[in-house]
Structure formats: C-alpha cells, structure tokens
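Chain residues, written in single-letter form:
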Amino acid sequence: MRLIFGIALLLLAAIVGICSVIAKRSGKPMGPTACIMLLCLILPMIGNAVIILSGDRLISTIGAYTYYLGMDFAIAGMLHFTVTYCRIKWPSALMRNLIYAVFLADVIQLLLNPVYHHAFELIPVQVDGFDYYKLNPFLGQTFHRVVDYGILAGIIAILTVKVIRSPRLQTERYSVILISSLLVTAWETAYIFSGTPIDRSMLGFGVFGLLIFYFSLYYRPMRLLDRMLGGVVSEQQDAIFFFDANQKCLWMNRAGHELLGLTEEETEKAGNELSRKFGNRHPGEESWSDQVILETEDGEHICQLSKRPLIDNRRRVNGFYISVRDDTDEQREMERQLYNARHDQLTGLYNRDYLYERTKELLAGYPDEEFLVVYADISNFKMINDIYGYAFGDFALQRVASWVEEDLPERSVCGRLGGDTFGVCLPARGFNQQRVEAKLEDFLVNDGTSTHHLLIHLGVYRITDREIDISVMYDRAHMAVSTIKDQVHIITAWYDESMREQVLRNRQITNELKDALVNGQIRPWLQPIVDRDGKTIGAEALVRWIHPIEGVRPPESFIPVLERNGMIADLDLFIWRSCCRILQRWQEKGDSRFISVNISPKDFQFLDVGGELKNMVQEYGIDVKKLRIEITETVMMSNADKRMEILNELREFGFIIEMDDFGSGYSSLNMLKDMPVDVLKIDMAFLRKTDSGGRGQTIVREIITLARELGITSLTEGVETEEQYGKLLDMGCQLYQGYYFAKPMPLEEFEKQYGVAG
Ligand code: C2E
Ligand code: CA
Ligand code: CA
C-alpha cells in the first residue's frame, strides 16, 4: 500500500512536471506563471514520496527537508499564481516584500534545524511492516505551519472575494480553484490532526496543480459564451428562430415571440405560424432571402425574411435558423431620399437629372415614335420676382408647373430644368402648337390678391438624331427659345441646324475675344464727319476685328454676341481708351478734330460708364469736348432715372452727348423732351426703308427743324449720294456722315487723307 502510494505520488509529480513544460511552451499569457507554480508543487510531492519509499534515516531526512522547504515554495508559488490569475495589485511593494521575507525566514529557520533541532526530528516507526521515519514537530515546525496556513488563508480569501464580486457568469473561473484549494487545505489539516504517519494530502496538491493547469490555460467558458451569444440574440430587433434538422423550433428570441404572439411553451408551433404568416417559401431550399410585404393593424410592413443552415465543423447540417427583419422604416426613408433626389422641391416635378433619365427611358421604350423636346422659359420671371416678391414668384412657378403637367399626352415626361425653365418630352403628334400658344398668349397668374401676366416662350427640338445625349436635345430646344428673346408676338421657336452653327460661332467669338484684344486684332476704324462746308471736323470710331484668317469682321457679327454675355464692356473700354490715345496725339500735333465713340446699353450694366469716361479724359489730358459719346434711346429702356443722372453728370463734366439712330426707335420724339443730348444723329438708312412718296424727306426736314428749335445740333448719317447731301444742305442739316464722303477706314489712312501728321 505504502509502495503503491509512493509510486502514485511520483507519477503524479511527473505528470505535473510535464504539464509545467507544456504550460511554459503554450505561449498563453498565464503560461509562465502556471509553469512556476507547478514546478513549486513538485518539490513537496517528491520530498514526501522519498520519505514514504526510502526506509533509510539519511534519505528520509533529505526527503523531509525537501518536503518542508518545498512546501514553502509551493505555497509561495500558489500565492504568486493567485495574485496573477485574479489580476490583483499588491497594495504596496513593501507588503509583498514582507510576505516573501516571512517565507525566507521560515526557510532559514528550517535550514538551521540540524544545528538547533528546534523544528522537527525523525522518529522511526513501522508502517506495513517496513521502517518509516515519521516527523515529530517542534516549535519551528509550528512557525512553519503558521506561515503556510496564514498564506493559504490569504489565498482562499482572495479567491472568495473574486467569486463574490465577479459577474455570475465569470465565477466559474475562480470557484473551481477556490474549491480545490479549500479541499487541499482540509485534507492537509486532517492529516496533521489525524496523527497517521503518511501524509496523503500531497496527492491533493498534485490534483490541485492539474486543475490549475487546465482552468488557467485550456478551459473555455463555453457556458459563458453560450449565455453571452444568447443574450445578444435575445436583444436583437430581428426575430430569430432556431430549428433542428427535423424542422422543430428549439428556440426563438424575444422579437420572435412578439412577432408570432407565442409563449415560451408554444415554441414548437413557430414553424407553422411562420408558414401561416409568410407562406411556405422555397420548400426544400436550404438558404434563401425574400422581401415580404406584411399587412398588419398598423399598416403595411416591409420584411426581409431569410433562412440559413447551421453547419457544424464536419459540414453536417444540424438545423437552420430563420430571421425576420422589419425594414419598413429604412425602406420608407430610402424611398423618401430617392424621391427628393429625383424631384424638385417646389413644384414636385422631376428635376433636371431625373427628367433626362426618364426621357432616355421613354425614347428607348418607343423607338418608332417621333418625339419632340420642348423647353419652356418664363421670359419675365426675374421682373416678376423683383417686383412682386419671391412668394409670388414661387406661386407663379407652381402654376406654370401644373400647366406643364396637365393635358400631357400619353408617353410624355416633364420636369423642371432650372429656375424658371421647364422641359417636356412628348410625341410629335401630341403637340398642338396653336392650342398651346393660345393659352400662352394670355398666361395669367392669380394668387388671390393680384393677377399678373407671365411671358412664356417655347423652344422645340424635333428629335431627329436619337444618338445624341439627352442633355444636348434639351440644349437644342433651349437654343431655339433663346433666339426669341426680345421679339414680341413670337411664342414658339423651332430648332434648326443653323442655330447650332450660330451657337458654335458665338462660342468661338467669345473664346477668341480676350486674345484678340491683346494681340491688336481689335481696332477702331474712323469714318469722317463733315460740316456744311465739306470740312472733316471729326470722326466716328467704328470697331473692326482684323481676324488673321477671316479678315475684317464687321461689328454685327460679334457685337450682339458680346452684348449678350457682357464682354461688350471689355471691348468698349478698349475702344474708348484707343480713341483717347489718338486724341491725345492729335491734340499734341495741334489738330482739333473730335472722335465719337459708341456706348452700348449693356455697358451700363457692367461698368461705371460715367466714372470710366471721366477718368480716361483726365488720364490722357484731353479736352473733354473731343471725346463725343454716342448713345441710343434703348439705353433708357431700363433704369431710366439712374441713367439719365449719369448722362447729366457727363454733360456737366463737359462731354458732348449724341443721340444715335434717331428715328429708328418708337419714342424718339417723345424722349427728346427729357433727354440731355447735344447732337441728334438721324439715320438715313432707316428713313430710306420707310420712304414711300417722299414721307421720309418730310420727316427728316421736321426733325432738323425741331432740333434747331431745341438748340440741338443735327447730324445725318448714311449719306450716300450727292443728291442726298444737297437736299440735306437745303433742309439746314449741320453735320454729315456717310459713304458719299468716306467709308470707315483704318487710323493711318484717315490721318494720311485728312492731313493729320503721322
Ligand atoms: P452705328 O453706330 O449706327 O454706326 C454706323 C454704321 O453705319 C456703321 O456700320 C457704318 O459703317 C455704317 N455706315 C456709315 N455710312 C454709311 C452709308 O452711307 N451707308 C450705309 N449703308 N452704311 C453706312 P458698322 O461700322 O458696321 O457698325 C455697325 C454698328 O455696330 C454701329 O452702328 C454701332 O451700333 C455698332 N458699333 C460699331 N462700333 C462699335 C463700338 O466700338 N462699340 C459699340 N458698342 N458698338 C459699336
Ligand atoms: Ca454710332
Ligand atoms: Ca447710327
């Protein structure tokens, strides 16, 4: 019996030794700590085994010392392990050192035993008929026991606190070690008090070591994981149902219970209930996902229903789970966002991008139908907004939107393209131009307090080329509508190829202007102005673009383009400055001729016309009377008060103001009362056109007389024949300009011909 026990103890020590090596090599965080502790446990076990097996005094004595000292190491190792395993911080380094110092003291006093015989002695006894050296304890041994029990009590206290304080699911981690250390302590105590010669509790130490080896390194708290996962799934908003391989529902989460209205006991009914609610979907299929609309008391719900198999690590299907996710809110939100991304907020019509997309789909859907793209533009919208306010403007847009939408033939789409523009794509046979125009002729908007007229123009592009981009189709309709601009009584303009060429041409002009100004391609030409004696007393500056490839470009080919995009201001500033330079030179040479420059009505929108002109004459130090200013009555078409003020200022400053193209407008005579002008330029060309039976002549005569009476100088331009000149002389006209005298010419030629020294 004694032999068997001794060998068992040695075997156990060997296993613990192997475990300590495995622990060391495991690479786990607790590995090194567990290894040290296991090694410490081996010492007393071996010591004990030696005592049990030897039967010899000397060997038993060595065994006894190994056993006692090993006990100190074992307890110290357990302490070190417990502190690390429970993640406890020593309150202070001093306390830790003190405790280990007590161990050291015990070791020293045990080592002094052979000298003082104060700790223990070995007494020979007979066990199972063999010699056995039993330990007889003295005072030193008592100290040893106090130390070891004291520390053991501390360890047990630490583990107890951990078990109590940790979350329930974690206590397992500590309680196994606590219970085993309690058992070991009890066993050891029982041995001490039993008086039996052999200490069998050492087996407990070995088992304790193995438990620690397993729990600290290899134990995976499956129950903890299970509970955690269960907790997560329970709280999921999606309803989840687990089935075994026989289609029996084993478990469902809280959302699942709520969805089906089943209690815990009714879990097995889940399969039938799910089929009843969502139908028997994809029978036999292992894995699928469906979107299902569910009618409930609080309306329609959009659900995402999925089935997935549960496969174990040997690729066997153990069962499956079904999840039901309520996607209603997300779907609605997505739909809302999509709607906003595709529609115009104010009118509810499609926005530009979506209109293009829908137009594309429409054309693709009906390849044989002939379609039109219509671009509707509210021409006076800015004015409506400015005068009647944004609220009325918004209201007007909504009215136009509902007009665009109503009565649309089948196979049509419409949308809002931008601020005050709308687009429609409709079958050509569905477009009744007369009916549409009849409506647009008198498009009134009444917001309940006032009624205003909207001026709406249409540009139409007949889709002849389906290959081009949708945006280009709408651009073409836009191109057509932009040709209408100031023409009254025209409502609809149809796109034709020449428009495209025109647009390209305009773009080219715009792109080329900046360089042309810098490279000297833009120059003022001069056309003489003569007095009643035929003497050239001045000239009008008329711009020419000397193009390197196209030759001389006439002003009509580029001025309207530049007036539309505002670049006319750059051109005019350049011409005025050029003329100032010419006048400065003439003045230095003692030549007193003047130059008239043209001012576009658009200049007033983009420039401080008054300031620029005043600065210029001052900068070049020229007599202000020599730079004459030609304006047309269209200047007064907008902002009349402000512009009148500018003209008055210029006159006060000394400028001579000429009214150009007099007689070509609507209200020339009327205007003359208030207009601050010094010279009237009467346009012969205009009068020639209307000349039927000498009426033109009469009008010219009347104007000349009127001018004289108002103290205004009269100038007739467009004089082409000697006869005209003669008549005008008779009528008393003061100044003349026209091909009869000379055509506009380059500066050098003018100076040569009229004797200004170069
Ligand atoms: P406008 O100011 O009425 O200039 C007179 C136009 O009549 C000039 O045409 C001139 O060449 C032409 N003309 C002169 N005598 C006769 C004649 O006997 N018979 C005929 N049939 N025509 C005659 P041009 O140079 O082609 O200029 C056209 C218009 O371009 C000008 O009309 C003016 O409105 C504008 N323009 C010219 N230069 C400038 C400029 O520097 N700035 C601005 N803003 N506009 C300019
Ligand atoms: Ca002019
Ligand atoms: Ca003119």
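Residues numbered from 1 in each chain as written. Chains lettered and ligands numbered in written order. Predicted model: local features only at pLDDT ≥ 70, side-chain atom pairs only at ≥ 80, totals over all residues. Heavy atoms only, no water.

Draft legend 1. Structural view of the overall build of the protein. Across its full length, the protein carries 28 helices and 23 strands. Its C-alpha radius of gyration of 55 Å places the protein more than 25% over the 27 Å reference for a compact globule of 758 residues. Counting only C-alpha atoms, the protein reaches 170 × 75 × 50 Å along its principal axes. When burial is assessed residue by residue, the protein has 46% of its 758 residues classed as buried. (Helix = DSSP H or I, 4+ residues; strand = E, 2+ residues; numbered from the N terminus. Rg over C-alpha atoms; globule rule 2.2 N^0.38 Å. Buried < 20%, exposed > 50% of the residue type's maximum accessible area, 1.4 Å probe, protein only.)

Draft legend 2. Representation of the coordination of the calcium ion (ligand 2). Bound to the calcium ion (ligand 2) are the protein donor atoms Glu 540 (OE), Asn 598 (OD1), Glu 630 (OE) and Asp 660 (OD), situated 2.1 to 2.3 Å from the metal. Taken in chain order, the donor set of the calcium ion (ligand 2) reads E-x57-N-x31-E-x29-D. Taken as an interatomic distance, the gap from the calcium ion (ligand 2) to the calcium ion (ligand 3) is 4.0 Å; Asp 660 donates to each of them. Of the two residues, Asn 598 sits in strand β18 (residues 594-598) while Asp 660 sits in strand β20 (residues 657-662), which places them 62 residues apart along the sequence. Under the relative-accessibility criterion, Asn 598 is labelled partly exposed at 24%. (Donors = N, O, S within 2.8 Å, 3.2 Å for Na, K, Ca; no water.)

Draft legend 3. A look at the domain arrangement of the protein. Per the domain assignment, the segments making up the protein are domain 1 (2-219), domain 2 (236-332), domain 3 (343-495) and domain 4 (513-753). Domain 2 and domain 4 are separated by 88 Å when their C-alpha centres are compared. (Domains from an automatic or database assignment.)

Draft legend 4. Seen up close, the coordination of the calcium ion (ligand 3). Only Asp 660 (OD), Asp 661 (OD), Glu 717 (OE) and Glu 717 (OE) from the protein reach the calcium ion (ligand 3) as donors, at distances of 2.2 to 2.9 Å. All donors to the calcium ion (ligand 3) come from one chain, and their sequence spacing reads D-D-x55-E. Judged by relative accessible area, which is 26%, Asp 661 ranks as partly exposed.

Draft legend 5. Main features of the side chain of Asp 244. Residue placement: Asp 244 occurs in strand β3 (residues 239-244). A distance of 2.9 Å separates a polar atom in the side chain of Asp 244 from the backbone nitrogen of Asn 246. If we skip the residues at most four places from it in the chain, Asp 244 touches Leu 250, Asn 318, Gly 319 and Phe 320. (Polar contact = N/O pair within 3.5 Å; in protein donor to acceptor, adjacent residues only side chain to side chain. Contact = heavy atoms within 4.5 Å.)

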